[in-house]
Amino acid sequence: MVRPRTFFDFTVDNQPLGRVIFELFNDTAPKTAENFRTLCTGERGISPSSQHPLYYKNSTIHRSIQDFMIQGGDFTKFNGTGGESIYGSSFVDEDLERPLDAEALLCMANKGSNTNNSQFFITLRECPHLNGKHVVFGRVIRGFDIVQKISTMPVDGKSRPLTPVVISNCGELELRKPPAKPPTEEPSKSEKRSHRRSISLSVSRSPSPERRRHRKKKKSKRKHSRSRSLDRDSPPSKSDAPREETEEEYDARLEREEKERLEEARKKELQKIKEKYEKDLVSNSGGVRFKGRGRMKFVDPELMHRYQDSR
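Below is a summary of the structure that appears in this document.

### Looking at unusual backbone geometry
- Positive phi is not limited to glycine here, since Q51 has a value of about 65°.
- Within the secondary structure, Q51 sits in the loop between α1 (30–41) and β3 (61–65).
- On the basis of relative accessibility, which here comes to 55%, the residue Q51 falls in the exposed class.
- Located in the positive-phi region is N114, a residue other than glycine, with phi close to 60°.
- The residue N114 is located in the loop between β5 (105–108) and β6 (120–123) in this model.

### Here's the deal with the pairing of strand β1 (residues 5–12)
- Of all eight residues making up β1, eight are buried, and the element is well covered by its neighbours.
- Alternating positions in β1 separate into two faces, R5, F7, D9 and T11 on one and T6, F8, F10 and V12 on the other, with burial throughout.
- In this sheet, strand β8 (residues 165–173) lies alongside β1 in antiparallel orientation, the contact comprising eight bridges. Along β8, the bridge assignment pairs F7 with G171.
- Here β1 runs beside strand β2 (residues 15–24); their pairing, made up of eight bridges, is antiparallel. When the sheet's bridge partners are listed, D9 is paired in β2 with R19.
- The antiparallel hairpin formed by β1 and β2 contains two residues in its connecting segment, where D13 sits at a positive phi of about 55°.

### Remarks on the sheet that holds strand β7 (residues 136–142)
- One open sheet holds the eight strands; their spatial order is β3-β4-β6-β5-β7-β2-β1-β8, and the pairing between them is antiparallel. With one partner strand each, in any of the chains shown, β3 and β8 form the two edges of the open sheet. Across the sheet, the axes of successive neighbouring strands diverge by a mean angle of 25°, strand direction being ignored.
- Bridge count for β3 against strand β4 (residues 69–72) is four bridges, and the pairing is antiparallel. Bridging from a neighbouring strand, I61 pairs with G72 of β4.
- Relative to the sheet, α1 contacts β1, β2, β5, β6, β7 and β8, its axis offset from that of β8 by approximately 110°.
- Of the strands in this sheet, β1, β2, β3, β4, β6, β7 and β8 are in contact with helix α2 (residues 144–151), which crosses β2 at around 125°.

### Focus: the pattern of salt bridges
- Summed over the entire model, instances satisfying the criterion amount to 12 salt bridges.
- The salt bridge involving E23 is made with R139; its shortest N-O contact spans 3.0 Å. Of this pair, E23 sits in strand β2 while R139 sits in strand β7, and the two are 116 residues apart along the sequence.
- Take E23: its relative accessible area is 6%, and that puts it in the buried class.
- Judged by its relative accessible area of 35%, R139 falls in the partly exposed class.
- Notably, a salt bridge pairs R160 with D156, separated by 3.0 Å at the nearest N-O pair.
- Classification of R160 as partly exposed rests on a relative accessible area of 36%.
- Overlapping salt bridges bring together R3, R5, E23, D27 and R139 as one network.

### Regarding the nonpolar core
- F8, F10, F22, F36 and Y56 are the most contacted members of the largest nonpolar core, which totals 36 residues.
- Those elements that provide at least two residues to this core are β1, β2, α1, β5, β6, β7, α2 and β8.
- If near-sequence neighbours (up to four positions away) are discounted, F8 is found in contact with G18, R19, V20, F22, F36, C40, Y56, F120, I167, N169 and C170.
- Membership of the second largest hydrophobic core comes to 11 residues, among which are F25, M69, L100 and F121.

Scoring rules and cut-offs
- Residues numbered from 1 in each chain as written.
- Predicted model: local features only at pLDDT ≥ 70, side-chain atom pairs only at ≥ 80, totals over all residues.
- Heavy atoms only, no water.
- Helix = DSSP H or I, 4+ residues; strand = E, 2+ residues; numbered from the N terminus.
- Buried < 20%, exposed > 50% of the residue type's maximum accessible area, 1.4 Å probe, protein only.
- Pairing = 2+ DSSP bridges.
- Axes fitted to C-alpha atoms, helices over the stretch in contact; angles between N-to-C directions.
- Contact = heavy atoms within 4.5 Å.
- Salt bridge = Lys/Arg side-chain N within 4 Å of Asp/Glu carboxyl O.
- Core = buried A, V, L, I, M, F, W, Y, C linked by side-chain atoms within 4.5 Å.

If you want it as structure tokens, here you go:
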């Protein structure tokens, strides 16, 4: 069974922070994993009960405790008192046997047993005191350094980040599948018979030497044209066929795409800074441009006086 992968793009004060990628344990907690995946894609639309989008996009990290965990997923009240699942207000626990024995685990936040909704938290260390109380349904496989950065940001007395940490975008990642191979067509029985008949006729005949030479030329031309058509029409061999992407190549591609996205964001930010600097420079100079006349030269007054007297 292929485990689904989802992502969060975080921003702080409208500045991109980075992407975090999760792997969901749909084999041990299928209902909880499906709830999180659907809330990442937003495919359910508006909730009929709360009239809020069933979507993590534009929600915030409302609780952050350094060296413990960060918590989010409240897209109805944005303060940790709301949240809603795709199954209604809440749903029952799944797989409480998996321990919280490592960092980067994705777990459901709750207010007691069987009160799961949309709120989640990501561990920053082992949490053995929470074993058997929270469902572990995924893990961070990329971008855990982003989670650690969020945990070190300043918070108020209620562990809420002073600067809003927003999920600016989220969704599901999919493995690339190779295109389906076209079915190979076998020659029909009538074609096979005609081919055999032509071979038998060519063997039975005994043409003259000139005719033989002429036929050899024709055969070579036909073979050449037939080989070209076979090259064009023949299906691709196994070596030419697109190879299915492995998990390591998939991870490397995700990392490469993430670096390209960050580099593009950095270039845009530098362009904004440059435009702002040029705008400030023009406004401060009052629109006056000073033009020089080349390199300045030192002229000795005494030599200049003698030169004028000689003239």
